[in-house]
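Working through the structure, step by step
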Amino acid sequence: MSANPANRSLLRAAFGHPAFVIGTLLSALFVMLALVSFIWTPFDPTKLDIAGKLKGPSLAHWFGTDHFGRDIFSMIMVGARVSIAVAFVAVGIGMILGVPLGLYAAARRGSLIDEIIMRGNDLVFAFPSLLLAIMITAVFGPGAVNAIIAIGIFNVPVFARLARGAALSLWTRDFVLAARVAGKSQSRISAEHILPNITNLLIVQGTIQFSLAILAEAALAYVGLGAQPPLPSWGRMLADAQTLISLAPHMALFPGFAIITTVLGLNLMGDGLRDLFDPKLRRGR
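All figures in this text were calculated on a predicted structure; none of them were measured in a lab. (Residues numbered from 1 in each chain as written. Predicted model: local features only at pLDDT ≥ 70, side-chain atom pairs only at ≥ 80, totals over all residues. Heavy atoms only, no water.)

1. Concerning the overall build of the protein chain
Looking only at helices and strands, the protein chain features 11 helices and zero strands. From first element to last, N terminus to C terminus, the protein chain shows the α and β order α-α-α-α-α-α-α-α-α-α-α. In terms of overall dimensions, the protein chain has C-alpha extents of about 75 × 50 × 30 Å along its principal axes. Within the protein chain, contacts between residues at least 6 apart in sequence are counted, and of these 70% link residues at least 24 apart. Summed over all atoms, the accessible surface of the protein chain reaches about 14700 Å², with 69% contributed by carbon and sulfur. Averaging the coordinates of the 22 positive side-chain charges in the protein chain and doing the same for the 14 negative ones gives two points 8 Å apart. (Helix = DSSP H or I, 4+ residues; strand = E, 2+ residues; numbered from the N terminus. Contact = heavy atoms within 4.5 Å. Areas by Shrake-Rupley, 256 points an atom, 1.4 Å probe, with all protein chains shown as cover. Lys, Arg positive; Asp, Glu negative; His and termini not counted. Charge placed at Lys NZ, Arg CZ, Asp CG, Glu CD.)

In structure tokens form, the structure reads like this:
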């Protein structure tokens, strides 16, 4: 059975899009590190070795050791697992709660429930995302779970607004009017006709929010409100390095580079997906 011509065209466009290819490779690299860390790391990332502390990069310790003698490369591998898990669940919470809210608001456009949902979104957006996350984790205590909840709450209005805005433009289309004439309910139309047509937008936005969630997790860990020791976290590694940067700059350089590279990869992949899913942009290229 031959592949769908549209799928072949999309694959050719994907492989010919430099930003998408580079972003996908960078993102895949850190996902691979996170997965490998479940079964292997060069050293135990929680094992202390005071005699070997603050060593620079070498054949034994590729990224050097920290102020407790822990292997930085091993910590970055496990930190990738923590960052990706927190971001994945947080963005998942935003999608699962936000998209249905946005679709429901669009189906009830102009009604009281639409106004309540949108004003609730405005209320969440009134607080800076990092400040809101710090407030939630400070109230309920530090930890990866509370960081997930805090980041997930901010993602809900992002996806609700996107889903509502995209759905509103579809409710006047002929295929939706035909479904209404056929007697389908608003919820069924949203699920069967609206949602499939806005999935591409949600995927692109999800990629962007994923990178923002990684930054938010690192920021929370940096101020001590994210994943707690002995679990390694990129943000915590930067916090530990700040007072020793003149003595051991590698302690800050490598986790900082990991954050930058991961976020850059996700943003490039998101830009590439936007270009690939938008026929106008794809023709323009």
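There is more to say, and it comes next.
2. Some thoughts on the packing of aromatic side chains
A full pass over the atoms with the stated rule returns five aromatic pairs. Between Phe63 and Phe73 the ring centres are 5.1 Å apart and the planes differ by 90°, which places this aromatic pair in the edge-to-face class. In this pair, Phe63 sits in the loop between α2 (18-36) and α3 (72-107) while Phe73 sits in helix α3, placing the two residues 10 residues apart along the sequence. Note on Phe63: relative accessible area 23%, which makes it partly exposed. Its relative accessible area of 12% is what places Phe73 among the buried residues. Taken together, a centroid distance of 4.1 Å and an interplanar angle of 5° make the contact between Phe63 and Phe254 stacked. Here the residue Phe63 occupies a position in the loop between α2 and α3, and Phe254 occupies one in helix α10 (residues 250-277), the gap between them amounting to 191 residues. The exposure class of Phe254 is partly exposed, given its relative accessible area of 22%. Its end group placed over the ring of Phe38, Arg81 keeps NZ or CZ at 4.3 Å from the ring centre. (Phe/Tyr/Trp six-rings, centres within 6.5 Å; stacked < 30°, edge-to-face > 60°. Buried < 20%, exposed > 50% of the residue type's maximum accessible area, 1.4 Å probe, protein only. Lys NZ or Arg CZ within 6 Å of the ring centre and 35° of its normal.)

3. Section: empty space enclosed by the protein
Counting across every chain of the model gives one cavity of 30 Å³ or more. Here the largest cavity is characterised by a volume of approximately 50 Å³. Around the largest cavity, the lining residues are Asp66, His67, Arg70, Ile72, Met75, Met237, Asp240 and Met251. Only α3 and α9 (234-241) provide two or more residues apiece to the lining of the largest cavity. When its residues are assigned to classes, the lining of the largest cavity shows four nonpolar, one polar and three charged. (1 Å grid on protein atoms, 1.4 Å probe; cavity = no way out; pocket = protein on both sides within 12 Å on 5 of 7 lines; lining within 4 Å. Points joined across faces, edges and corners; volume = space filled by probe spheres on them. Nonpolar A, V, L, I, M, F, W, Y, C, P; charged D, E, K, R; others polar.)

4. So, the layout of surface pockets
If you add up the space inside the largest pocket, you get close to 160 Å³. The element best represented in the lining of the largest pocket is α9, accounting for three residues. Considering only residue class, the lining of the largest pocket consists of eight nonpolar, two polar and three charged.

5. Considering the side chain of Ser190
Of note, Ser190 is situated in helix α8 (residues 186-222). Contact partners of Ser190, with chain neighbours within four places excluded, come to Leu103, Ala107, Trp171 and Leu195.

6. A closer look at the environment of Phe73
In this structure, the C-alpha to C-alpha distance between Phe73 and Thr199, residues 126 residues apart in sequence, is 37 Å. Setting aside anything within four residues of it in sequence, one finds Phe73 in contact with Leu33, Pro42, Trp62 and Phe63.

7. Focus on α2
An ideal rise of 1.5 Å per residue puts 27 Å on 19 residues; α2 measures up with 27 Å between its terminal C-alpha atoms. The set of residues buried in α2 consists of Phe20, Gly23, Ser27, Phe30, Leu33 and Ala34. Looking straight down α2, one finds its buried side chains confined to an arc of 165°; they lie on one side. For α2, exposure combined with an orientation more than 90 degrees from the buried face picks out Leu25 and Leu35. (Expected span 1.5 Å × (residues − 1). Arc of directions from axis to C-beta.)

8. Examining the environment of Arg108
Residue placement: Arg108 occurs in the loop between α3 and α4 (112-125). Note on Arg108: relative accessible area 38%, which makes it partly exposed. Taking the C-alpha atoms as reference, Arg108 lies 9.9 Å from Leu168; in sequence the two are 60 residues apart. Residues contacting Arg108, with those up to four places away along its chain left out, are Ile113, Asp114 and Gln186.

9. Observations regarding a nonpolar patch on the surface
Together, Val31, Leu35, Phe38, Ile39, Trp40 and Trp62 line one region of the surface with nonpolar side chains, adding up to about 730 Å² of accessible area. Within the secondary structure, Leu35 is located in helix α2. (Patch = residues over 30% accessible without salt bridge, like charges linked within 9 Å, V, L, I, M, F, W, Y side chains within 5 Å. Salt bridge = Lys/Arg side-chain N within 4 Å of Asp/Glu carboxyl O.)

10. Describing the nonpolar core
Ranked by internal contacts, the top residues of the largest apolar core, which has 62 residues, are Trp171, Ile194, Ile198, Phe210, Ile214 and Trp234. Those elements giving two or more residues to this core turn out to be α2, α3, α5 (129-140), α6 (144-168), α7 (174-181), α8, α9 and α10. Top element by residues in this core is α3. It accounts for 16 residues. Not counting residues within four places of it along the chain, the set of residues in contact with Ile214 comprises Ser83, Ala87, Trp234, Thr262, Val263 and Leu266. (Core = buried A, V, L, I, M, F, W, Y, C linked by side-chain atoms within 4.5 Å.)

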